[in-house]
Amino acid sequence: MPEVTESPARHTPMKVSVLIPTHNRRQYVVDAIQSVIAQDYADLEIIVVDDGSTDGTEEALAPYLSRVRVIRTRNQGPALARNVGMEAARGDYVAFLDSDDLYYPFKIRLQAQLLDYYPDVGMVYSEFSAFSDDGFWNELHLKKYHESAYRRDGLDHERLFAERKLLHELRSSRVLDDAGLERWPESEVHFGNIYEAYLFNTVVFTNSMMFRRSLLKKTGLQHKTFGMFHDLEFALRICRHAKVAFVDVPTYKLRYHSGQISTTQKLHGGKVAIKIQRDLLRVTKHHLRLDPEFYSSNRDRIHRHLARLCRAVAIPMLSYDQGTAHESAHYPLRARRYLSKCREYGQGEPIL
């Protein structure tokens, strides 16, 4: 069996490519596809990358082969599945959709119009909503999801971005169509270069972003080595090379459920928490190495940030009690090494 197989599809150019990587999400992926089909924007293609599913996903996708390009690969993980989709994309713009999530019906039109009208903007991301099948709903979820940045560090969009415009001004000037945005007339669109802010605080909800495919020549694809933050690291590279825009309107619906890869509420949640913090530290150190001059000019601030990230790795290691006897002995030792790095960074205060 070849590593990659693709269903027959029309090979015509279009404006937007929507990429849906999926692995054993048969119960959700059709709803995700339907939310793209329901977009009030026709100039798009849908690419589903079936990352080695074994749960009948292929059969679930069969009725959609006239509307969807399906690419099947052996299971390699979400970063490589997205890369396969990006390499196959034909649109000028690329958007992501996790196969257990949904789009608002105006998502593609709103973001594509902003990229059309502002050629100096390389990427647009947005506010988003969160829900669960048992009734949870939070319409404006970004500041809760990235609580450490927006609440702990007191960030807001006025501090992050250099410029803002009211949504109704853009609608009045015909930059944006009216359809679907009546509920958020006083919302704003923000513009600016946020690479440095993003390096120190997780502020971008990467699922919601749409970017110019031409940027891939500068940024390259996603890197599996960054683990659970491969998407954040990829978005950081985009922000390093391009101005971005943020729309203070939810365009994306994040579904919470027990099968999510990143959940820390299941049997191996302790390990997941450790991996999340280690991967974030790895991404940050990698980007700091890219610019020695910036490191030298901001050494104190960087060291405070790295010390905070090291402590964030050490804390779940110190409290880990879910594994084998070897793991229970190993993790506290590793935690001490991370705490010693805090002292090297001049931030040796105890953990309370």
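Whatever comes next refers back to the structure up there.
Residues numbered from 1 in each chain as written. Predicted model: local features only at pLDDT ≥ 70, side-chain atom pairs only at ≥ 80, totals over all residues. Heavy atoms only, no water.

### Points about the overall build of the protein chain
So the rule is basically this: Comment: elements are numbered from the N terminus, with helices defined as DSSP H or I runs of at least four residues and strands as E runs of at least two. The reference for a compact globule is 2.2 Å times residues^0.38; the radius of gyration itself is calculated from the C-alpha atoms. Burial classes follow relative accessibility: with a 1.4 Å probe on protein chains only, a residue under 20% of its type's maximum area counts as buried, one over 50% as exposed, and anything between as partly exposed. Between two residues, a contact is recorded if the distance between any of their heavy atoms is within 4.5 Å. For accessible areas, the Shrake-Rupley method is used with a probe of radius 1.4 Å. Any residue's cover is judged against the shown protein chains and nothing else. Charge assignment: positive for Lys and Arg, negative for Asp and Glu; neither His nor the chain ends contribute. Charged side chains are reduced to one point each, which is NZ for Lys, CZ for Arg, CG for Asp and CD for Glu.
Within the protein chain, the regular secondary structure consists of 15 helices and 12 strands. For the protein chain, the C-alpha radius of gyration of 21 Å lies close to 20 Å, the compact-globule estimate for 352 residues. For the protein chain, buried positions account for 54% of its 352 residues. Long-range pairs, those at least 24 residues apart, make up 77% of the contacts in the protein chain with a sequence separation of at least 6. Total accessible area on the protein chain stands at roughly 16,300 Å², and carbon and sulfur atoms take up 50% of it. Averaging the locations of the 49 positively and 45 negatively charged side chains of the protein chain gives two centres separated by 6 Å.

### Quick notes on helix α1 (residues 26-37)
Here is the rule we go by: Here the expected length of a helix is defined as 1.5 Å per residue gap, with one fewer gap than residues. Directions pointing from the helix axis toward each C-beta atom define the arc.
In a regular helix each residue adds 1.5 Å, so 12 residues correspond to 16 Å; α1 covers 17 Å between its end C-alpha atoms and thus fits that length. Within α1 the residues assigned to the buried category are Y28, V29, A32, I33, S35 and V36. One face of α1 carries all of its buried residues, which in axial projection span an arc of 155°. Looking at the packing, one finds that the buried side of α1 touches β2 (14-22), β3 (44-51), α2 (57-61), β4 (68-73), β6 (102-103) and β12 (243-256).

### As for the nonpolar core
Applicable threshold: Residues belong to one nonpolar core when they are buried, are Ala, Val, Leu, Ile, Met, Phe, Trp, Tyr or Cys, and are joined through side-chain atoms within 4.5 Å.
The biggest cluster of nonpolar side chains holds 108 residues, and the ones touching the most others in it are V16, I108, L114, M123, V203, M209 and F211. If you tally residues by element for this core, the top one is helix α14 (residues 299-318), at 8 residues. In this structure, M209 is in contact with V94, A95, F96, K107, Q111, M123, V124, Y125, F234, A235 and I238, ignoring residues within four places of it in sequence.

### What to know about the packing of aromatic side chains
Just so we agree on the cut-off: Pairing of aromatic rings covers Phe, Tyr and the six-membered ring of Trp, with a centre-to-centre limit of 6.5 Å; geometry is then stacked below 30 degrees between planes, edge-to-face above 60, and tilted otherwise. Charge over a ring is defined by NZ of Lys or CZ of Arg lying within 6 Å of the ring centre and within 35 degrees of the ring normal.
One pass over the full model with this rule turns up 17 aromatic pairs. With 5.4 Å between their ring centres and 85° between their planes, Y145 and F205 make a pair best called edge-to-face. Of this pair, Y145 sits in helix α5 (residues 142-145) while F205 sits in the loop between α9 (195-200) and β11 (210-212); the two residues are 60 residues apart in sequence, bridging distant segments of the chain. The exposure class of Y145 is partly exposed, given its relative accessible area of 37%. Both rings, one in F211 and one in F234, keep their centres 5.5 Å apart while their planes meet at 75°; by these two values the pair is edge-to-face. Remark: F234 occurs in helix α11 (residues 230-241) and F211 occurs in strand β11; sequence separation between them is 23 residues. Through successive ring pairs, a cluster of aromatic residues spans Y103, F128, Y145, F205 and Y252. Looking at R301, its charged tip hangs above the ring of F200, at a distance of 3.7 Å from the centre.

### Looking at the pattern of salt bridges
As a reminder, the rule being used: The working definition used for a salt bridge is a side-chain nitrogen of Lys or Arg within 4 Å of a carboxyl oxygen of Asp or Glu.
One pass over the full model with this rule turns up 20 salt bridges. Of the charged contacts in the structure, one is a salt bridge between R282 and D279, with a shortest N-O distance of 2.6 Å. In this pair, R282 and D279 both sit in helix α12 (residues 269-289), 3 residues apart, roughly one turn of the helix. D279 sits in the buried class, given a relative accessible area of 2%. When salt bridges that share partners are traced, they join K15, D92 and D116 into one network.

### Here's the deal with the environment of V68
Position of V68 relative to the elements: it lies in strand β4. Since its relative accessible area comes to 3%, V68 is described here as buried. A C-alpha to C-alpha distance of 44 Å links V68 and C310, two positions 242 residues apart in sequence.

### Observations concerning unusual backbone geometry
A positive phi is found at N24, a non-glycine position, where the angle reads about 55°. Mapped onto the elements, N24 comes out in the loop between β2 and α1. Residue class for N24 comes out partly exposed when judged on its relative accessible area of 24%. Positive phi is not limited to glycine here, since R174 has a value of about 70°.

### Remarks on the pairing of β2
This is how the line gets drawn: A pair of strands is labelled paired if DSSP reports no fewer than 2 bridges between them. Viewed with both strands pointing away, a crossover whose connecting path from the first strand over the helix to the second turns clockwise is right-handed.
The buried fraction of β2 is high, at 8 of 9 residues. Inspection of the sheet shows β2 paired to strand β5 (residues 91-96) by 5 bridges, in the parallel sense. Looking at the pairing, S17 lines up with V94 of β5. Sheet topology note: the β2/β3 ladder contains 7 bridges and is parallel. The residue of β3 that forms the bridge with P21 is V49. Handedness of the crossover joining β2 and β3 through α1 is recorded here as right-handed.

Any functional reading would require information beyond the geometric quantities listed.
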